[in-house]
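# A closer look at the structure
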Protein chains: 2
Amino acid sequence: MGSYALGVDFGTGSGRAVLVDVADGAQLATAVEPYRNGVIDERLPYPDQNVTLPPDWALQDPEDYLRVLQTAVPEVLRLAGVRAADVIGIGIDVTSCTMLPATADGTALSQLPAFRSNPHAWVKLWKHHAAQPDADRINQVAAETGEPWLDRYGGKISSEWFFSKALQILDEAPEVYAAADRLIEATDWIVWRLTGVETRNACTAGYKAIWSKRDGFPDAAYFAALDPRLADVVDTRMRRDLLPAGARAGGLSPEAALWTGLLPGTAVAVANVDAHVAVPAATVTEPGRMVMIMGTSTCHMVLGKDERTVPGMCGVVEDGIIPGYFGYEAGQSCVGDHFEWFVDQGLPEPYHDEARSRGMDLHALLQEKAARQRVGESGLLALDWWNGNRSVLVDAGLSGVLIGATLATTPEEIYRALIEATAYGTRVIVDTFEANGVPINEIVACGGLAEKSPLILQIYADVTGRTFRVSGSDQTPALGSAMFGAVAAGAEAGGHDTIEDAARAMASLKDEAYRPNPSNQETYDVLYGEYLRLHDLFGRGGDDVMKVLRRLRDEAKSARPIAVEA
Amino acid sequence: MGSYALGVDFGTGSGRAVLVDVADGAQLATAVEPYRNGVIDERLPYPDQNVTLPPDWALQDPEDYLRVLQTAVPEVLRLAGVRAADVIGIGIDVTSCTMLPATADGTALSQLPAFRSNPHAWVKLWKHHAAQPDADRINQVAAETGEPWLDRYGGKISSEWFFSKALQILDEAPEVYAAADRLIEATDWIVWRLTGVETRNACTAGYKAIWSKRDGFPDAAYFAALDPRLADVVDTRMRRDLLPAGARAGGLSPEAALWTGLLPGTAVAVANVDAHVAVPAATVTEPGRMVMIMGTSTCHMVLGKDERTVPGMCGVVEDGIIPGYFGYEAGQSCVGDHFEWFVDQGLPEPYHDEARSRGMDLHALLQEKAARQRVGESGLLALDWWNGNRSVLVDAGLSGVLIGATLATTPEEIYRALIEATAYGTRVIVDTFEANGVPINEIVACGGLAEKSPLILQIYADVTGRTFRVSGSDQTPALGSAMFGAVAAGAEAGGHDTIEDAARAMASLKDEAYRPNPSNQETYDVLYGEYLRLHDLFGRGGDDVMKVLRRLRDEAKSARPIAVEA
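Residues numbered from 1 in each chain as written. Chains lettered and ligands numbered in written order. Predicted model: local features only at pLDDT ≥ 70, side-chain atom pairs only at ≥ 80, totals over all residues. Heavy atoms only, no water.

### Things to note about the pattern of salt bridges
- Applying the stated criterion across every chain yields a total of 68 salt bridges over all chains.
- Note that B:Arg200 and B:Glu198 form a salt bridge whose closest N and O atoms lie 2.8 Å from each other. There is no split in this pair, since B:Arg200 and B:Glu198 are both buried.
- Salt bridges sharing partners connect three or more residues here, namely A:Glu354, A:Arg358, A:Glu368, A:Lys369 and A:Arg372. (Salt bridge = Lys/Arg side-chain N within 4 Å of Asp/Glu carboxyl O. Buried < 20%, exposed > 50% of the residue type's maximum accessible area, 1.4 Å probe, protein only.)

### Side note on the packing of helix α14 (residues 411-435) of chain B against helix α16 (residues 454-464) of chain B
All names here are of chain B.
- Where α14 contacts α16, the axes come no closer than 9 Å and their chain directions differ by 45°. Between α14 and α16, the interaxial angle falls into the category oblique. The crossing of α14 and α16 is right-handed. On α16, the residues touching Arg416, Ile419, Glu420, Thr422, Ala423, Tyr424, Thr426 and Arg427 of α14 are Leu455, Ile456, Ile459, Tyr460, Val463 and Thr464.
- Partitioned by chemical class, the residues of the contact of α14 with α16 number eight nonpolar, three polar and three charged. (Axes fitted to C-alpha atoms, helices over the stretch in contact; angles between N-to-C directions. Helix = DSSP H or I, 4+ residues; strand = E, 2+ residues; numbered from the N terminus. Parallel < 35°, antiparallel > 145°, perpendicular 65-115°, else oblique. Left-handed = near helix turned anticlockwise from the far one by under 90°. Contact = heavy atoms within 4.5 Å. Nonpolar A, V, L, I, M, F, W, Y, C, P; charged D, E, K, R; others polar.)

### Observations regarding the side chain of B:Thr195
- Within the fold, B:Thr195 resides in helix α5 (residues 186-195).
- Not counting residues up to four positions away in its chain, the partners in contact with B:Thr195 are B:Ala249, B:Gly250, B:Gly251, B:Ser253 and B:Val268.

### Overview of the sheet that holds strand β17 (residues 400-405) of chain B
- Taken together, four strands build an open sheet; the order of strands is β16(A)-β17(A)-β17(B)-β16(B) and the sheet is antiparallel. The open sheet has two edge strands with one neighbour each: β16 (381-383) of chain A together with β16 (381-383) of chain B. The sheet shows a mean angle of 10° between the axes of neighbouring strands, taken without regard to direction.
- Of the strand pairs in this sheet, β16(A) and strand β17 (residues 400-405) of chain A are connected by three bridges, and their pairing is antiparallel. (Pairing = 2+ DSSP bridges.)

### As for the interface of chain B and chain A
- Contacts between the two partners involve 63 residues from chain B, matched on the other side by 63 residues from chain A.
- For the pairing of chain B and chain A, the buried interface totals around 4700 Å² over both sides, and the portion due to carbon and sulfur atoms is 59%.
- Counting across the interface, chain B meets chain A through four salt bridges.
- For A:Arg356, the salt bridge is made with B:Glu349, and the minimal N-O distance between the two is 2.5 Å. (Buried area = accessible area lost by both parts, 1.4 Å probe.)

### Topic: the packing of helix α14 (residues 411-435) of chain A against helix α19 (residues 518-539) of chain A
Residues and elements named next belong to chain A.
- It is the contact of α14 with α19, at a shortest axis distance of 10 Å, that shows an interaxial angle of 75°. One way to sum up the angle between α14 and α19 is to call them roughly perpendicular. Of α19, the residues touching α14 (which contributes Arg416, Glu420, Ala421, Tyr424, Gly425, Arg427, Val428 and Asp431) are Tyr524, Asp525, Leu527, Tyr528, Tyr531, Leu532 and His535.
- Tallied by class, residues from the contact of α14 with α19 come to eight nonpolar, two polar and five charged.

### Looking at the environment of A:Ala114
Residues and elements named next belong to chain A.
- Its place among the elements puts alanine 114 in the loop between β6 (99-102) and β7 (123-124).
- With relative accessibility at 67%, the residue alanine 114 sits in the exposed group.
- Sequence separation between alanine 114 and phenylalanine 162 is 48 residues, and the spatial gap between their C-alpha atoms is 24 Å.

### Brief notes about empty space enclosed by the protein
- In this structure the tally under the stated criterion is 11 cavities of 30 Å³ or more.
- When its volume is computed, the largest cavity comes out at roughly 210 Å³.
- Contributing to the lining of the largest cavity are 15 residues, with A:Trp341, A:Leu402, A:Ile414, B:Leu402 and B:Ile414 lying nearest its centre.
- Partitioned by chemical class, the residues of the lining of the largest cavity number 11 nonpolar, four polar and no charged.
- Lining the second largest cavity we find A:Phe162, A:Glu185, A:Asp188, A:Arg200, A:Asn201, A:Thr204, A:Ala205, A:Ala209, A:Phe217, A:Met238, A:Arg239 and A:Leu242.
- Looking at the lining of the second largest cavity, its residues break down into six nonpolar, two polar and four charged. (1 Å grid on protein atoms, 1.4 Å probe; cavity = no way out; pocket = protein on both sides within 12 Å on 5 of 7 lines; lining within 4 Å. Points joined across faces, edges and corners; volume = space filled by probe spheres on them.)

### Considerations on unusual backbone geometry
Residue and element names in this part refer to chain B.
- Cis rather than trans, the peptide bond between serine 96 and cysteine 97 has omega equal to 0°.
- As for its placement among the helices and strands, cysteine 97 is situated in the loop between β5 (87-94) and β6 (99-102).
- Cis geometry is found at the peptide bond from serine 391 to valine 392, where omega equals 5°.
- Structurally, valine 392 can be placed in the loop between β16 and β17.
- With phi around 55°, isoleucine 210 is a residue other than glycine that occupies positive phi space.
- By the element assignment, isoleucine 210 lies in the loop between α6 (202-208) and α7 (220-226).
- The exposure class of isoleucine 210 is buried, given its relative accessible area of 3%.
- A positive phi is found at valine 394, a non-glycine position, where the angle reads about 50°.
- Mapped onto the elements of the fold, valine 394 is located in the loop between β16 and β17.

Scope: geometric values only; no functional claims are made or implied.
Here is the structure:
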């Protein structure tokens, strides 16, 4: 009779439960529950009220998270044929910063009839971008008051982050702000619903809410400078006692036990985030190896013994990923999305015909054709800024460039140039970490792109000069959550005492290694030199054509209604 | 009973005969004869010999030209029901530089069984690009000896031009060069076959064979420096007595009268070139109005009273277009080809579906969608160098750029950005002419793109700040050739004494005028400023990324066979 741990990964469109063996990480069963209301970006899901949302909004329904606990979790237990008594721990991870207002008893405000028709009462999903004016104010005031914490976040707080979203609620719906006893990350809220007790995790606080182990949150004077009503936000609506990853948040409540089919009292791990739990699940619990979670966008995670200021990263948080280390995070905002855009907006009809007749996925077809090209043969070079640049330039106003096109240029050449551009973007991040004292000797990839695209991994290896390995699990975040669940249970209960122990036992890599090809590296070094010069020219103010184009675009778009009325 | 003139326009894929009324230019009949052997770029059209051609070759069969005279010309007479006696003159135009070796009696070498299997015996079409090493030598030697004529050609002789092709014959097939009593432009060769007498025109000599009215051809010492065997090329294989446009080359020979159904002795005009005959047919016989022949590429033609050195033009030739004026020519090497590339290589399947279901041409569909965009709304800017840059940078090694792409970028936005890029390219040419003393007040467009695309003409008007008119005839070059035929006949025979008289009577413009929209102009001025800065950065040596990419491409391509063998 083994010991098992359950991981639940709450993604953007669905929740996924995975049951694994604590001894070796073997995956016994998995179940996926799509969110009934998905990403809410047009209207609230109550047709009788017909509440439409402005552009850039992205909400979720907290009831959808609870349904995952009520359906996917019992389903994996049933599929695996495992007794509830043998499940020793549960861990979860959620996208972040995904946050909501709640009452003091843990009820989401959107669950209350009085607030159901107010968009600000709902969960603000990570990609809710309507708080940009609030983020601008946060950055402007921080610059004026010389806040010391800006450096930890690459010099800029994002519109996606916690206080941008909180400030938007206060600005636009003070009644919601007033009724919100708590403002809380969704991941902490779900753990609260599992245990019946509110706890807060250090990871999201550090990466998304300007907290650090040494300095805590920004002080009340700073918040007051943003808005006097916000001065006491931390003490009235958040918590200052934050728990590190791997700690035990509590035991499963009787109510949650009924939902899930697990036993009351089962150890529940402190809340965590999808990208961050993936790190130990990809075998990384020490400095020197970077984990890349490659999906629509890419997160780069690496551990360090010391705190370093690395320009343009998303954040550095002590204990943020693995207790005892500084966890560094960087990001590329357009990776899988980039290739998807090309297939949607740039792929001619004959490629669709060929893919259909050969029963192939369009990306697989393009990668097959792109793999036949020699490095440099297309004569193309791209800047991978179709969705701005997160690291290291932290500038959403940058845009994509393709250079070198001729009448002989083919779609598979452009497709490969876009892949290469994202690889150059990764190399900028790797080189920036190294130049600032955070070594990166090897890279472990996980996520959809890493699973499906040997060509992409080989190009990344050739461009960065680093060996790429791939996480052994195809459910890396869920495995990571289960590992933290096993640590929350502890060795005495059949789990593990540390995440390092859990990683040694439960995490693995696939056999294949993508090693740099010296001849390809040589050509890519030249191409990267060209990329880097153009990156700096267009990205660091040498030539502001992108800013001019963006300004003209915004003027033209804002002029349109006037023209229509005229 | 009227007087009629016949124009025959020999294009790249077919010949087109048009019969027009000399009094008003009205078009009575037209007939097209596709070339049986088309563009010969893979193998010679004698399957039993199986002679394959290297890359970059493009040949034609001179018999195809004769077949046009034997079929299309009788056909228009039949269709129009016009008596041969009422056709007073014939003019022709051909692509250029399209040249061939011939014997002293006017037989093309490829017509002789002994030479039929030698590719160098055939007509080298204008887009035969295999003489680049010869062009390089021509330019290198000219630079070393400080030839004064380089300035007249924007500083560089093209691989497409006469002596590049002649030198390639000498280099690679000295036996063909030895057997060639004559090296001659196809347009002069066809007139020779019509009249039975060899004449040469000043237009192709000036634009393609380094001749000027004042200085003649380069001297023997220069040719000897290229190759001692070439020293006497002009005196042994060409002619120094060159006839201006509009002159009478001779009367129709009895043999050609049998081919065509016209009367022996009918006036035949001096040979001419498609782009150049279009100028008076587009009503332009004076300085100040530019003619743009807009097709796969664009030719820009303008007249001047004085000879000016305008950087980056294709050539300036006294009497080259209209006797008494200096004819300036500039060019953009990628216009219609640019849009065609996009439709072939970048247009997603749903656009094909929509065009099919609405029974629309793909370009018409894209232009309909592009016309809905406000100026600047796409946030895109392109450099129109998909096929290098002819004027004003004269650099085939430059390549295309697209800047400003986002995940929201649509195909119709890219398509419009490519149109705008070609408009900026035209503005560079217009502004360069004006800055060097060649005024351009209005522009007359002709050719396929001008006929079919009001959106393109409006964008060009907005970008250049010039009013665009469109030639009244949809067969502008053939009309121009007929006009020169009427001038060759002269007023006494029922024609016209000068091309100016012919233009007043026979040429016209369509009613529509595309005038600059001041509000669009204002935004385009800003965008053009960005274009111009990037044009100079990438095109004038400020940033050599395109040259690096081209070098890597060529290295990768040349490395391929080795890799395959390995």
